[in-house]
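# Structural overview
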There are 2 protein chains.
Amino acid sequence: MKTGIIQQSNTFDSAANMGKLRNSIESCVDMGARLVVMPELHNSLYFCQTEDPAVFDLAESIPGPSTAFFGALAKAHQIVIIASLFEKRAPGLYHNTAVAIDADGSIAGIYRKMHIPDDPAYYEKFYFAPGDSGFHPIQTSIGRIGVLVCWDQWFPEAARLMAMRGASLLAYPTAIGWESTDVEAEKLRQRDAWTTIQRSHAIANGIPVIAVNRCGYEPDPSAATGGITFWGNSFAAGPQGEIIAELKDEEGVMVVDLPCSQTESVRRWWPFFRDRRVDAYDGLSERFLD
Amino acid sequence: MKTGIIQQSNTFDSAANMGKLRNSIESCVDMGARLVVMPELHNSLYFCQTEDPAVFDLAESIPGPSTAFFGALAKAHQIVIIASLFEKRAPGLYHNTAVAIDADGSIAGIYRKMHIPDDPAYYEKFYFAPGDSGFHPIQTSIGRIGVLVCWDQWFPEAARLMAMRGASLLAYPTAIGWESTDVEAEKLRQRDAWTTIQRSHAIANGIPVIAVNRCGYEPDPSAATGGITFWGNSFAAGPQGEIIAELKDEEGVMVVDLPCSQTESVRRWWPFFRDRRVDAYDGLSERFLD
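Described below are features of the structure shown in this document. Bear in mind the structure is a predicted one, so any value in this text is a computation, not a measurement.

Next up on the list: the pattern of salt bridges. All names here are of chain A. Inspection of the entire model under this criterion finds 28 salt bridges over all chains. Close ionic contact of lysine 113 with glutamate 124 constitutes a salt bridge, the shortest N to O distance being 2.7 Å. Of this pair, lysine 113 sits in the loop between β5 (107-112) and α3 (124-127) while glutamate 124 sits in helix α3; the two residues are 11 residues apart in sequence, bridging distant segments of the chain. As far as the burial class goes, lysine 113 and glutamate 124 line up, both buried. The network of salt bridges with shared partners includes Glu40, Lys113 and Glu124.

The axes of two packed helices give the description: the angle between them and the distance between them. Residues and elements named next belong to chain B. Contact pair helix α4 (residues 156-164) / helix α5 (residues 184-205): the axes reach a minimum separation of 10 Å and the direction vectors enclose 40°. Here α4 runs over α5; the crossing is right-handed. In this structure, α4 uses Pro156, Ala159, Arg160 and Ala163 to contact α5, whose residues at the interface are His201, Ala204 and Asn205. In terms of residue class, the contact of α4 with α5 is built from 4 nonpolar, 2 polar and 1 charged.

Overlay of chain B on chain A (RMSD 0.0 Å): rotation 180°, translation along the axis 0.0 Å. Here the symmetry operator amounts to a two-fold rotation axis. Taken together, the interface assignments show that 100% of the residues at the interface of chain B recur at the interface of chain A, consistent with an identical surface on both copies.

Looking now at the sheet that holds strand β13 (residues 235-237) of chain A. Residues and elements named next belong to chain A. Taken in spatial order, the 6 strands line up as β6-β7-β8-β10-β13-β14 in an open sheet, and their pairing is mixed. Of all the strands in the sheet, just β6 (138-140) and β14 (243-246) have a single pairing partner and so form its edges. The average undirected angle you get between the axes of adjacent strands in this sheet is 20°. Pairing between β13 and β14: 3 bridges, direction antiparallel. Residue pairing for β14: alanine 237 is matched across the bridge by isoleucine 243. Across the sheet, helix α5 (residues 184-205) is in contact with β8 (169-174), β10 (209-213), β13 and β14; its angle to β10 comes to roughly 150°.

Our focus in this paragraph is the packing of aromatic side chains. Across all of its chains, the model carries 52 aromatic pairs over all chains by this definition. Ring centres 5.2 Å apart and planes at 50° place the aromatic pair A:Phe272 and B:Trp151 in the tilted group. One end of the pair, A:Phe272, is in helix α7 (residues 272-275); the other, B:Trp151, is in the loop between β7 (143-147) and α4, on a second chain. On the accessibility criterion, A:Phe272 (2% relative accessible area) is buried. Residue class for B:Trp151 comes out buried when judged on its relative accessible area of 8%. Their ring planes at 45° and their centres at 5.6 Å tell us that B:Phe56 and B:Phe126 sit as a pair that is tilted. You can see B:Phe56 sitting in the loop between β2 (35-37) and α2 (65-77) and its partner B:Phe126 sitting in helix α3 (residues 124-127), a full 70 residues away along the chain.

To continue, consider the interface of chain B and chain A. Opposite the 54 residues of chain B that make contact, chain A presents 54 residues. Of the roughly 5400 Å² buried between chain B and chain A on both sides combined, carbon and sulfur atoms contribute 61%. Looking at the side of chain B facing chain A, the largest losses of area belong to B:Arg277, B:Leu284 and B:Arg287, adding up to 12% of the total buried there. Remark: the boundary between chain B and chain A carries 8 salt bridges. A salt bridge links B:Arg160 to A:Glu157, with the shortest nitrogen-to-oxygen separation between them at 2.7 Å. Seen at the junction of chain B and chain A, the total is 37 residue pairs in polar contact (both at pLDDT 80 or more). Elements supplying a minimum of two residues to the side of chain B that touches chain A: α4, α5 and α7 (272-275) of chain B. Looking at the side of chain B that touches chain A, the element that brings in the most residues is α5(B), giving 11 residues.

Conventions used here
Residues numbered from 1 in each chain as written. Chains lettered and ligands numbered in written order. Predicted model: local features only at pLDDT ≥ 70, side-chain atom pairs only at ≥ 80, totals over all residues. Heavy atoms only, no water. Salt bridge = Lys/Arg side-chain N within 4 Å of Asp/Glu carboxyl O. Helix = DSSP H or I, 4+ residues; strand = E, 2+ residues; numbered from the N terminus. Buried < 20%, exposed > 50% of the residue type's maximum accessible area, 1.4 Å probe, protein only. Axes fitted to C-alpha atoms, helices over the stretch in contact; angles between N-to-C directions. Left-handed = near helix turned anticlockwise from the far one by under 90°. Contact = heavy atoms within 4.5 Å. Nonpolar A, V, L, I, M, F, W, Y, C, P; charged D, E, K, R; others polar. Least-squares fit on C-alpha atoms with pLDDT ≥ 70 in both. Pairing = 2+ DSSP bridges. Phe/Tyr/Trp six-rings, centres within 6.5 Å; stacked < 30°, edge-to-face > 60°. Buried area = accessible area lost by both parts, 1.4 Å probe. Polar contact = N/O pair within 3.5 Å; in protein donor to acceptor, adjacent residues only side chain to side chain.

Right, here's the structure in full:
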């Protein structure tokens with residue numbers, strides 16, 4: 001499964017951001033991609049650094065202008081595109097929503113981010129209602145894709161449920177970075193933890209995983225913090241968690257041949273699904289077991 | 001929490017193996033350990049390379065000779081010891097059982113391995129009935145320890161349930177290695193996957209993790225395979241999954257100060273327990289969701 005990964009830095013100019021994405025999608029097509037994945041909320045700056053009611057004006061319906069824009073590209077090049085949009089679902093009801101656009105330009109399915117973070121400079125609970133449709137991979141013409149978004153990557157439960165529902169790969173559009181006051185050792189620990197836990201989802205489930213992050217520096221409009229330096233480092237891991245390809249911290253595009261066909265073989269040797277103790281997992285649906 | 005990790009290679013001579021363990025425990029005590037963890041089934045060779053009914057003669061009751069032996073050491077040095085034994089529970093009923101021996105020499109609790117592997121040279125389903133008491137950390141005088149065993153390490157569910165029940169660290173006595181025909185790249189992928197998924201349990205749950213493996217070569221008594229080279233590489237990871245200390249592939253003893261007190265701080269910054277979507281995890285108790 002030849003998969004294009006677009007790691008991009010953005011400015012306030014959405015039209016320019018989208019033009020750059022279009023160019024990168026076309027580069028992926030030139031390199032043979034049949035699937036292209038973009039970072040989280042790729043059309044704009046990462047607007048969650050402050051809580052500002054005016055920012056909701058950025059949201060759009062699905063289908064809407066962005067699905068039309070990327071749908072036309074998907075159809076023109078006969079590829080599947082994973083977009084990540086700020087969705088206006090109803091007046092006053094917004095989601096952080098990934099859209100899988102099929103190779104004919106139609107919407108194959110959406111995934112509304114289930115786990116919503118909230119910490120200084122990532123005030124997502126202000127903007128996004130938690131998704132209400134659970135963890136379901138999206139069936140496309142080229143495979144069944146487990147689309148999850150950013151904060152979801154820290155939760156093994158999300159990856160497992162996608163795999164149990166037949167996902168042949170996991171794709172994480174992401175916007176994660178460092179606050180300017182983090183010390184270097186802490187930065188490395190955070191980035192390494194981020195890579196490690198996503199690789200572990202590949203291992204636990206025997207399927208490839210891709211993480212597609214934004215990069216570049218974005219100031220905090222409120223100046224309350226020093227802004228975020230998005231750390232890039234997008235990567236693809238095979239079904240044993242092995243890194244197949246990765247980018248550094250600068251903008252870049254790569255096309256990776258994901259070894260989805262190895263899943264059967266890996267699961268024969270590492271038969272975790274055979275041995276899961278489903279009789280003893282009930283507590284997982286509790287908040288805590290105290 | 002100063003924790004001793006004993007990585008040992010064994011022979012057919014159980015008395016000699018136990019003597020070596022005693023010496024290593026005393027070394028750990030000299031280095032200030034209050035907790036000592038030994039590898040899986042540390043008294044004998046790894047006997048699961050073949051299916052042989054005579055091997056059940058190695059099993060013992062709990063309490064029994066081994067808990068008396070290690071209990072005396074625990075009491076003499078006022079330390080907690082995690083032992084890993086071949087338990088005879090009833091005629092014809094055997095388990096792979098970890099025992100937490102408290103600092104007064106008493107048995108604080110046991111954990112019967114829940115996930116049982118079975119693949120060539122690891123015929124554990126022949127010897128061990130799956131544990132029937134679920135995933136419960138053991139309360140000792142020095143803390144609440146999430147004791148899991150080897151194959152459990154591949155299952156995020158086990159780690160999560162231990163953390164949800166208040167484990168302040170996870171400890172994995174282990175016996176894992178390479179078959180002689182594995183190519184070098186495959187060996188590295190396997191070992192790296194093993195390290196990665198255990199580090200991910202630290203990250204997901206914000207608690208330290210230690211993996212205590214055996215090392216050395218043990219031939220296959222049936223000569224059906226080339227035997228197992230246990231890869232050692234025991235390690236300790238902090239609550240962000242960072243490697244604190246690790247051994248190579250040879251015998252060794254180390255005492256690591258596990259930063260259990262960082263859990264509160266790490267979970268404030270990475271509040272995964274706050275954000276788990278417990279309303280959407282029900283499917284985890286199913287075999288598959290097809």
